[in-house]
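Each chain is listed here by its residues.
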Amino acid sequence: MRARVVRIGVGLMAGAATLAGAAGVGLHFVRWPLEPLVLAASGAPYLMGGAMLGAVGFAATRRWIATGVAVVVAGAGIATQAPLYFAEPGGDGPPIMTMQANLLFDGADPDALVDQVRARDIAILTVNELTRTAVDSLSRAGLDQLLPHRYLAPGRTASGTGIWSRFPLSDTVEYDGYVLNQISATATVPEVGPVAIYAFHPVPPVYDTGVWADELARLDDILRNSRTDRPAIVGGDFNATHDHARFRAMTAGRFADAAAQAGAGHLVTYPTDKRLPPLVGIDHFLLADAHATTVETVDLPGADHRALIARVVLTPTDR
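This structure is a prediction, so every number in the text was calculated from the model and none was measured. (Residues numbered from 1 in each chain as written. Predicted model: local features only at pLDDT ≥ 70, side-chain atom pairs only at ≥ 80, totals over all residues. Heavy atoms only, no water.)

S.K.: Lay out the side chain of Arg248 with the relevant residues and their values.
M.R.: Note on placement: Arg248 falls in helix α9 (residues 245-248). Buried charge without a partner: Arg248 forms no salt bridge, and the closest opposite charge is Asp243, 5.2 Å away. For Arg248, the contacting residues outside a window of four places in its chain are His28, Phe29, His242 and Asp243. (Helix = DSSP H or I, 4+ residues; strand = E, 2+ residues; numbered from the N terminus. Buried < 20%, exposed > 50% of the residue type's maximum accessible area, 1.4 Å probe, protein only. Lys, Arg positive; Asp, Glu negative; His and termini not counted. Salt bridge = Lys/Arg side-chain N within 4 Å of Asp/Glu carboxyl O. Contact = heavy atoms within 4.5 Å.)

Okay, here's the thing in structure tokens:
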């Protein structure tokens, strides 16, 4: 009797775990901008892991058909995540180091950020949640000596965005119609030529999922309509993960996710100001006519995100 109860209990838990896995797979593909679905999609990989537990539970109780179903669900989940773990071959060209950082208004330690820029030989830095106070603090910490060219759209709290560069910047643009500031510039990189640099920060879905979806779509349009005669680097807090279909749509054409190119896997960046470790990866680099050979996260004291650092090989512009 006791063995039967245990078997039933294990089967029920395995069934629930398999259903959670199936939900994770479904959330990976859903595009409806409903807040519960959008927020749940951020945790899709964790849900998908349930299918593997389900397969083990069903196998342990010799429910072979159910085991097969759980294995299929687990396989579907693995297929959605595998592209992040297999590096893609890249082209030849001059490499540069890039960094993306969310500063939590002026909470990030400016000396720590500048130390990373110096130690990692960063040539292009994109930042979000840039306040005027943070601009002054970073300048005093020596950022302008390391990266003397900048295009900044600072703001109050989360709205500010900025680009710092080792190379001269031109063609600066601030895009209208967004809750937070979205900007771009052109960097003139030796041995390469002009390189388009974008710093993006769409609103988080908790602000309004309809606005979130609309901003991601319009930022995608900006990239799709961008000039194709030069490489491009996009850094930002996209407030979206690999498991949001609307984010993946931005990598379906000319642009690619740097982390996937490098086979870097799940790079969780947020949140870093809670008792739990970071759980989701919402900071990204997107690249066109460029290839990331390495992408990693680094701690940024005082911020609520980990920063991203990528080694990017640029394809020289034909002139």
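S.K.: Talk me through the packing of aromatic side chains; I want residue IDs and the actual numbers.
M.R.: In the structure shown here, the tally under the stated rule is 2 aromatic pairs. Each ring, one from Tyr198 and one from Phe200, has its centre 5.5 Å from the other, and the planes form 55°; the classification is tilted. When its relative accessible area of 0% is taken as the criterion, Phe200 is described as buried. Ring centres of Phe238 and Phe247 lie 5.6 Å apart, and the angle between their planes is 70°; this geometry places the pair in the edge-to-face category. Using a relative accessible area of 0% as the deciding quantity, one classes Phe238 as buried. In this arrangement the basic side chain of Arg218 is found over the ring face of Tyr178, its NZ or CZ atom lying 4.1 Å from the centre. A cation over an aromatic ring shows up here: Arg248 above the ring of Phe29, its NZ or CZ 5.8 Å from the ring centre. (Phe/Tyr/Trp six-rings, centres within 6.5 Å; stacked < 30°, edge-to-face > 60°. Lys NZ or Arg CZ within 6 Å of the ring centre and 35° of its normal.)

S.K.: Explain helix α5 (residues 110-120) residue by residue, including any values.
M.R.: Considered for burial, the residues of α5 that qualify are Ala112, Leu113, Val114, Gln116 and Val117. The elements touched by buried residues of α5 are β1 (95-102), β2 (122-128), α6 (132-140), α7 (143-146), β11 (290-298) and β12 (307-314). Of the residues that open α5, the one with a side-chain oxygen 2.9 Å from the backbone nitrogen of Asp111 is Asp109. Positive backbone phi, at 60°, marks Asp121, one or two positions downstream of α5. (Polar contact = N/O pair within 3.5 Å; in protein donor to acceptor, adjacent residues only side chain to side chain.)

S.K.: Give me the environment of Pro89: which residues, what numbers.
M.R.: For Pro89, the position within the fold is in the loop between α4 (64-81) and β1. Under the relative-accessibility criterion, Pro89 is labelled exposed at 79%. A C-alpha to C-alpha distance of 17 Å links Pro89 and Ala252, two positions 163 residues apart in sequence.

S.K.: I'd love a proper account of the pattern of salt bridges, names of residues and values included.
M.R.: Here the structure, examined in full by the defined rule, presents 11 salt bridges. Measuring nitrogen to oxygen at the nearest pair gives 2.9 Å for the salt bridge that ties Arg254 to Asp289. Here the residue Arg254 occupies a position in the loop between α9 and β9 (256-257), and Asp289 occupies one in the loop between β10 (283-288) and β11, the gap between them amounting to 35 residues. Take Arg254: its relative accessible area is 29%, and that puts it in the partly exposed class. Overlapping salt bridges bring together Arg227, Asp229 and Arg230 as one network.

S.K.: Go over the sheet that holds strand β3 (residues 149-153), please, and point to the residues and values.
M.R.: Pairing in this open sheet of 6 strands is mixed, and the strands run β3-β4-β2-β1-β12-β11 from one edge to the other. Sheet topology places β3 and β11 at the edges, where each strand pairs with a single neighbour. Averaged over all pairs of adjacent strands, the angle between strand axes in this sheet comes to 15°, irrespective of strand direction. In this structure, β1 lies alongside β2, joined through 6 bridges in parallel fashion. Note that in β2 the partner of Met97 across the bridge is Ile122. (Pairing = 2+ DSSP bridges. Axes fitted to C-alpha atoms, helices over the stretch in contact; angles between N-to-C directions.)

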